Amino acid sequence: MDTIFIDQLSVDTVIGVYDWERTIRQRVVIDLEMGFDIRAAAADDDVALTLDYKSVAKRVIAFVEAAEFELVETLSERIAALILDEFDVTTVSLRLNKPCALRGAAGVGIRITRSRAT
Ligand SMILES: Nc1nc2c(c(=O)[nH]1)N=C([C@H](O)[C@@H](O)CO)CN2
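Residues numbered from 1 in each chain as written. Predicted model: local features only at pLDDT ≥ 70, side-chain atom pairs only at ≥ 80, totals over all residues.

The name an unreviewed UniProt entry assigns to the protein is 7,8-dihydroneopterin aldolase, from the organism Salinisphaera aquimarina. The UniProt entry for the protein carries this comment under Function (unreviewed entry): "Catalyzes the conversion of 7,8-dihydroneopterin to 6-hydroxymethyl-7,8-dihydropterin." Per UniProt, the comment on the protein under Catalytic activity (unreviewed entry) is "7,8-dihydroneopterin = 6-hydroxymethyl-7,8-dihydropterin + glycolaldehyde". (UniProt positions renumbered as here; feature names shortened; annotations may be inferred.)

Chemist: Which residues make up the site of the ligand, and what values go with them?
Modeler: Neighbouring residues of the ligand: Gly16, Val17, Tyr18, Glu21, Leu71, Val72, Glu73, Lys98 and Ala101. Its residues assigned to classes, the shell around the ligand comprises 5 nonpolar, 1 polar and 3 charged. (Near = placed C-beta within 6 Å. Nonpolar A, V, L, I, M, F, W, Y, C, P; charged D, E, K, R; others polar.)

Chemist: Pulling in residues and values, what's your account of the environment of Ile112?
Modeler: Of note, Ile112 is situated in strand S4 (residues 108–115). For the pair formed by Ile112 and Ala43, sequence separation is 69 residues and the distance between their alpha carbons is 31 Å. Not counting residues up to four positions away in its chain, the partners in contact with Ile112 are Ser76, Glu77, Ala80 and Leu94. (Helix = DSSP H or I, 4+ residues; strand = E, 2+ residues; numbered from the N terminus. Contact = placed C-beta atoms within 7 Å.)

Chemist: So what's going on with the sheet that holds strand S2 (residues 26–35)? Which residues, and what values?
Modeler: In spatial order, the strands read S1-S2-S3-S4; together these 4 strands make up an open sheet with antiparallel pairing. Of all the strands in the sheet, the pair left with one neighbour each is strand S1 (3–13) and S4. For this sheet, the mean inter-axis angle between neighbouring strands, taken without regard to orientation, is 15 degrees. Pairing geometry for S1 and S2, over 9 bridges, is antiparallel. Bridge pairing in S2 places Leu9 opposite Ile30. Across the sheet, helix H2 (residues 53–66) touches S1 and S2, and the angle it forms with S1 is around 25 degrees. Lying over the sheet, helix H3 (residues 72–86) contacts S2, strand S3 (91–98) and S4, oriented at roughly 150 degrees with respect to S3. (Pairing = 2+ DSSP bridges. Axes fitted to C-alpha atoms, helices over the stretch in contact; angles between N-to-C directions.)

Dropping the structure here:
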């Protein structure tokens, strides 16, 4: 299977378990890899035949900006489920980094891979 990816998508959202985190917006940085057969689109050079990464990015940004989860786990699972539900992809791998969460670390977060239920 081929892969269409989006790297380092930065979005500000309400995320965190502590009271002070419920009152601010924090940055999360998302890497996505989506399984999609690109051959038909490449043969016809037609964006209508592929997974439009701009459409995926706009949908993910809108979802994350409106979200108010506590855990990075929950946000990650919900983004993966949304992509599998709304776009014609077979798998989605997602890495979500919360770069300002932990003093002394460049980031913390989650990496998951989910597939469409058969
Ligand atoms: N496994 C997790 N551990 C922690 C999370 C989380 O979402 N998943 N969140 C926090 C706090 O919100 C932290 O990011 C604040 O700096 C702590 N541990």
